[in-house]
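Observations on chain architecture
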Amino acid sequence: MSCYYRETNMLYGGDYNPDQWPQEVWEEDMRLMAQAHIHIVTLNVFSWAALQPDEDTYDFTKLDAVMELVRANGLKVCLATSTGAHPAWMARKHPDILRTEKNGMKRKFGGRHNSCPNSPAYRTYAPRLAAKLAERYQKFDNLAAWHISNEYGGECYCENCEKAFREWLKKKYGTLEEVNRSFYTAFWGHTFYDWDDIVLPNYLSEHFVDDATGVERTMFQGISLDYRRFLSDSMLECFQLEYDAVKKFMPDIPVTTNLMAAYKGLDYQKWARSMDFVSWDNYPAPSDRPSQTAFCHDLMRGLDGQKPFVLMEQTPSVTNWLPYNRLKRPGEMRLLSWQAVAHGADAIQFFQIRRSIGACEKYHGAVVDHAGRADTRVFREVTQLGEELEKAGGLFLDGRTPAQAAIVFDWDNWWAVEYSAGPSILMKYLDAVQDFYQAAFALNVPVDIISTEDELLPYKVVLAPLLYMVKRGYEEKLTDYVRQGGTFITSYFSGIVDEHDLVDVGGYPGRLRELLGIWVEENDALPQGEHNAFSYCGRRYPADILCDLMHLEGAEALGVYEEDFYAGMPALTVNQYGKGKAYYVGTHANEAFYQTFLEQVFLQAGIQPLQQTPFGVEAAVRENVRGRFLFLLNHTPEKKTVVLEGRYEDLLAGRIYQDHEELEIEKKGVCLLREL
Ligand code: GLA
Ligand code: ZN
C-alpha cells in the first residue's frame, strides 16, 4: 500500500474544474474520465469567490453537487482549499491582503497567489474556509487527500511583512546586538539602534538592479538571506494554519500542497517536515534535458526521507506560458509519466481534465480539449497510459531507489551563492549541482538528493557542489563521514562563509580545510568565453567560471592548471582522511570531465551503474516487497538496443529476457522490467 493516497493501486487523474462549466458537461466528463481509466480528481483549487461571496456567507451548493457526482461515479477526490486566490470583496474590504512588490508598489486586486502571507485577513479567512470544507466533507469516504492552497510562492514587501520580519528576527536573535553582528552592520555604518530601524530589504533599501547585467544585487547579504528565510517561513505558517484546520475534522486524511521542484523562493526541505506527503507539478520546457526532469523528481523524493511522492500536475500535451509552446510529441507524455514513476511517483495526475474556454489558460493542454471528443491523439495517449497504470496495479507502490550516492542540496546555499557580490555572476547554484547530477545520470548511477540535515553514512559517495555556506557543525558531520570511510566531493568556492554569510577567517575553505587538505589563497573569475585548462586521466579539460588558486596541505593534486601565472598550481585534489577520501574540484569544467571524474570515483568507491545503456537511454530502479524493477526510458527519437545484465520479465509485453539478451526500445519508448 502506498503511504500517500493510501491506495493499493497507482492513482491516475488530474485537476478538474467543473465550476467553470454548465452542469450538462459534467455527465460527459464522467463518461470520458471512465474511458481514460481516470480515478482521481483534484477539485476546488480556485473557487474561493464562489464558496464565500461575502464576509459571512458561505455557499457550497455547487461543490456539494460536484462532490456527490464524482462519488457516485467512483472517483476519488484530492480536495483543495481554494485559498490560492482571494475573492474581490476581500481585497476591497481588507486591503492588507494585497501584496506589495519589491519596488514598493502596492498591488490591486488581480492575478492569483496574490495574498500577503502576513495579512491578518488572509490568516483569518483562509483557515476558516479550510475548516468549513473539512467539516462539510468529512463524511466523504472517497476523499483521498487534502491539497492546501496552490503552488505557494512569490514575495511580499508590505508593512505587515516588515513588522512580522522584525518579530521573526527578535525570535531568532534575541538581541539587537546579535542582529547587528550577524548582518555585519558595522560596514557602512548601518548599525540599528532600535528594532524599528530594521526595514525589509528591497529596492527601497538594500537591493538594486545592476545596470550592466540586469542582475538583482544586495548590499547586505545577511538581511537579504534572512528575508528569504522569513518569507518561506511566513508562507509555511499559512500552510500550517490550514493544515491544522482540516486535521481538526479529518485527522486521518493526508495533507499536501503542490510544490514546484527547484523553486528558489521556498525552502521545501523545511516545508516537507510539515506536510504528510510531497506532491509536485512537473512542467519541463521542451528544451529541458531528461536529466533536469530526473533531478527535479529526485529533489522532491528527497524532501521526505526518500519516500515516494505524487505527481500532482503535468500537461497531457502542451503548456501555454512559454514563448513557443511545443506539443509533447507522440509518446512523450507517456515517457515523462513513467520517468516520474521510475524516480518515485506513486500517482500520476494532469492539469487538467477539460480545457477552459476563457482567460489565460484556454490554450493550455487538457485531457479533453476544446473539440470535446475522445478521438484525439492526446486523449488516446492518456487512455493508453491509464491502461498501463491499471495493468501495473500496485506493483511499484512504495518502491524505493537504492541509491549509494547522494548530492547535498541546500536552499540557504542557493540563496547565498546568488546574493554574493563577487567573485562571478556566472556562479549559479543549480547549474553547479546539475554538473554533477547530469554526470551520475549519464552513468546510470542513481543518486538521492539530501539536505544538510540528512544522514551521510548510508552513502558511499556524498557530493556537495558549491558548498559556499557551511552551517555551524556541518563540517563535523562531513569530517565524521569521511573519517569512517566515506568519499566526499566538493567544488570551487566552498567552505567560505557561515550561515550568516560571514567569512570564516584563517584561509579558505574555512572549516573544511583540514578535511580537504588544501588552502585556497585566491579565486580567479574568468569572464564568459575565457578559460584555463587542466589534465585529468590523460585528457585535457577547460577550466572556467572560477579557478581556485590553492596550495596542498596534505592533499594530492590530480590535475594542475596549465596556463597563466598559476600554471602548475592544483586544480583538482584528493585528500586521504581517516578511512575515506575528500575531493576538491577547484574549478568549473565541461560535461566530459564530470562524467570521467565521477566514473572514476564511483568505481573506486564500489558503486556500479544499474545497467549499461546506449546514449539517451535512462535506467532507473525502484525496489519494494514485490521485487526489484528496472525502468528503461528511451529519451531519443530513434529505436535503441540494450543488452540486459540479468534476467528480467517485461511487464507490459509479458515476455522473459535472459541475461545478455538484447532488448529493443522504440523511440521515446519505455520498458518496465521485473528482475527475476
Ligand atoms: C500550475 C498551476 C495550475 C495551472 C497550471 C498550468 O501548475 O498549479 O493551476 O495554472 O500551472 O500549467
Ligand atoms: Zn506582506
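Rules used in this analysis
- Residues numbered from 1 in each chain as written.
- Chains lettered and ligands numbered in written order.
- Predicted model: local features only at pLDDT ≥ 70, side-chain atom pairs only at ≥ 80, totals over all residues.
- Heavy atoms only, no water.
- Pairing = 2+ DSSP bridges.
- Helix = DSSP H or I, 4+ residues; strand = E, 2+ residues; numbered from the N terminus.
- Axes fitted to C-alpha atoms, helices over the stretch in contact; angles between N-to-C directions.
- Contact = heavy atoms within 4.5 Å.
- Core = buried A, V, L, I, M, F, W, Y, C linked by side-chain atoms within 4.5 Å.
- Buried < 20%, exposed > 50% of the residue type's maximum accessible area, 1.4 Å probe, protein only.
- Phe/Tyr/Trp six-rings, centres within 6.5 Å; stacked < 30°, edge-to-face > 60°.
- Lys NZ or Arg CZ within 6 Å of the ring centre and 35° of its normal.
- Parallel < 35°, antiparallel > 145°, perpendicular 65-115°, else oblique.
- Left-handed = near helix turned anticlockwise from the far one by under 90°.
- Salt bridge = Lys/Arg side-chain N within 4 Å of Asp/Glu carboxyl O.
- Expected span 1.5 Å × (residues − 1).
- Polar contact = N/O pair within 3.5 Å; in protein donor to acceptor, adjacent residues only side chain to side chain.
- Donors = N, O, S within 2.8 Å, 3.2 Å for Na, K, Ca; no water.
- Tetrahedral: all angles 85-135°; square planar, octahedral: opposite > 155°, others 65-115°.
- Near = heavy atom within 4 Å.
- Areas by Shrake-Rupley, 256 points an atom, 1.4 Å probe, with all protein chains shown as cover.
- Nonpolar A, V, L, I, M, F, W, Y, C, P; charged D, E, K, R; others polar.

Attention now goes to the sheet that holds strand β13 (residues 447-450). In spatial order, the strands read β13-β12-β14-β15-β21-β20-β19; together these seven strands make up an open sheet with mixed pairing. The open sheet is flanked by β13 and β19 (556-560), the only strands paired with a single partner. Going from strand to strand, the sheet's axes swing by 20 degrees on average, the running direction of each strand aside. Where helix α14 (residues 429-442) meets the sheet, it contacts β12 (405-408), β13, β14 (461-464), β15 (487-491) and β21 (580-585), and its direction lies at approximately 170 degrees from that of β12.

With that out of the way, let us pick up the nonpolar core. Within soluble globular proteins, side chains that are nonpolar generally end up buried alongside one another. Counting 158 residues, the largest nonpolar core has Trp146, Trp338, Phe396, Ile489, Phe593, Phe597 and Leu598 as its most contacted members. Among the elements that take part in this core, helix α5 (residues 120-137) stands out by supplying 10 residues, more than any other. Those residues in contact with Trp338 that lie beyond four places of it in its chain are Leu385, Glu388, Leu389, Ala392, Phe396, Phe631, Leu633, Val670 and Leu672. Formed by 24 residues, the second largest nonpolar core is a distinct cluster that contains Ala464, Ile518, Ala555 and Tyr577.

This next bit is on the packing of aromatic side chains. This structure, assessed with the given rule, holds 45 aromatic pairs. Judged by centre distance (4.9 Å) and plane angle (85 degrees), the ring pair of Phe165 and Tyr227 falls under edge-to-face. Within this pair, whereas Phe165 is found in helix α6 (residues 159-173), its partner Tyr227 is found in helix α8 (residues 221-249), the two being separated by 62 residues in sequence. Accessibility expressed as a relative area gives 2% for Tyr227, which makes it buried. Relative to Tyr594, the ring of Phe593 lies with its centre 5.3 Å away and its plane at 65 degrees, an arrangement referred to as edge-to-face. When its relative accessible area of 2% is taken as the criterion, Tyr594 is described as buried. An aromatic cluster is present here, built from Tyr263, Tyr268, Phe295, Phe409, Trp411, Trp414, Tyr429, Tyr437 and Phe441 joined pairwise through their rings. A cation sits over an aromatic face here: Lys132 above Tyr58, 4.8 Å from the ring centre.

Two quantities define a packed helix pair, namely the angle between the axes and the distance from one axis to the other. The N-to-C vectors of helix α10 (residues 290-302) and helix α11 (residues 332-342) enclose an angle of 40 degrees; their axes lie 9 Å apart at closest approach. By the angle class used here, α10 and α11 are oblique. Read as a crossing pair, α10 and α11 show a hand that is right-handed. Taking contact as the criterion, the partners of Pro290, Thr293, Ala294 and His297 in α10 are, on α11, Leu336, Gln339 and Ala340.

Another point: the pattern of salt bridges. Throughout the structure, instances matching the rule amount to 46 salt bridges. Close ionic contact of Arg136 with Asp64 constitutes a salt bridge, the shortest N to O distance being 2.7 Å. A residue pair is termed long-range when its members are at least 10 positions apart, and Arg136 in helix α5 and Asp64 in helix α3 (residues 61-72) qualify at 72 residues. Arg289 serves as the salt-bridge partner of Glu591, at 2.9 Å between the closest nitrogen and oxygen.

It is worth spelling out α5 at this point. Look at α5: 26 Å from first C-alpha to last across 18 residues, which is about the 26 Å you get at 1.5 Å a residue. Where α5 is concerned, the buried positions are Ala121, Tyr122, Tyr125, Ala126, Pro127, Leu129, Ala130, Ala131, Leu133, Ala134 and Tyr137. Buried residues along α5 sit against α2 (48-51), α3, β3 (76-80), α4 (88-93), β4 (143-147) and α8. The opening residue of α5 is Ser119, an N-cap whose side-chain oxygen sits 3.2 Å from the backbone nitrogen of Ala121.

Pairing between the strands of a sheet is mediated by backbone hydrogen bonds and can be parallel or antiparallel. Taken in spatial order, the five strands make up an open sheet running β23-β24-β29-β26-β27, and their pairing is antiparallel. The open sheet has two edge strands with one neighbour each: β23 (617-624) and β27 (655-657). Strand-to-strand twist in this sheet, taken as the mean axis angle between neighbours without regard to direction, amounts to 30 degrees. The pairing of strand β26 (residues 648-650) with strand β29 (residues 670-675) spans three bridges and is antiparallel. Counterpart to Asp650 in the pairing with β29 is Leu673. Docked against the sheet, α11 engages β23, β24 (627-634) and β29, running at close to 145 degrees with respect to β24.

A few words now on the environment of Asp96. Structurally, Asp96 can be placed in the loop between α4 and α5. Owing to a relative accessible area of 22%, Asp96 belongs among the partly exposed residues under this scheme. For the pair Asp96 and Ala416, spaced 320 residues apart in sequence, the C-alpha to C-alpha distance is 30 Å. Residues contacting Asp96, with those up to four places away along its chain left out, are Lys106, Cys116, Ser119, Pro120, Ala121 and Asn160. At a separation of 2.6 Å, a polar atom in the side chain of Asp96 contacts the side chain of Ser119.

Attention shifts here to the coordination of the zinc ion (ligand 2). Binding of the zinc ion (ligand 2) to the protein goes through Cys116 (SG), Cys156 (SG), Cys158 (SG) and Cys161 (SG), at separations of 2.3 Å. Considering all four donor atoms around the zinc ion (ligand 2), the spread of angles at the metal, 101 to 116 degrees, places the coordination shape in the tetrahedral class. Donor residues binding the zinc ion (ligand 2) come from one chain and are separated in sequence as C-x39-C-x1-C-x2-C. You can see Cys116 sitting in the loop between α4 and α5 and its partner Cys158 sitting in the loop between β4 and α6, a full 42 residues away along the chain. Cys116 sits in the buried class, given a relative accessible area of 0%.

In the region of ligand 1, the neighbouring residues are Phe46, Arg112, Asn150, Glu151, Asn258, Asp281, Tyr283, Glu313, Trp321, Phe351, Glu361 and His364. Within the side chain of Arg112, a nitrogen or oxygen atom sits 2.9 Å from an oxygen atom of ligand 1. Measuring from an oxygen atom of ligand 1, one finds a side-chain N or O atom of Glu313 at 2.5 Å. Surface burial for ligand 1 is 97%, taken as the share of its 310 Å² of free accessible area covered by protein chains. Here the residues of the shell around ligand 1 are counted per class, giving four nonpolar, three polar and five charged.

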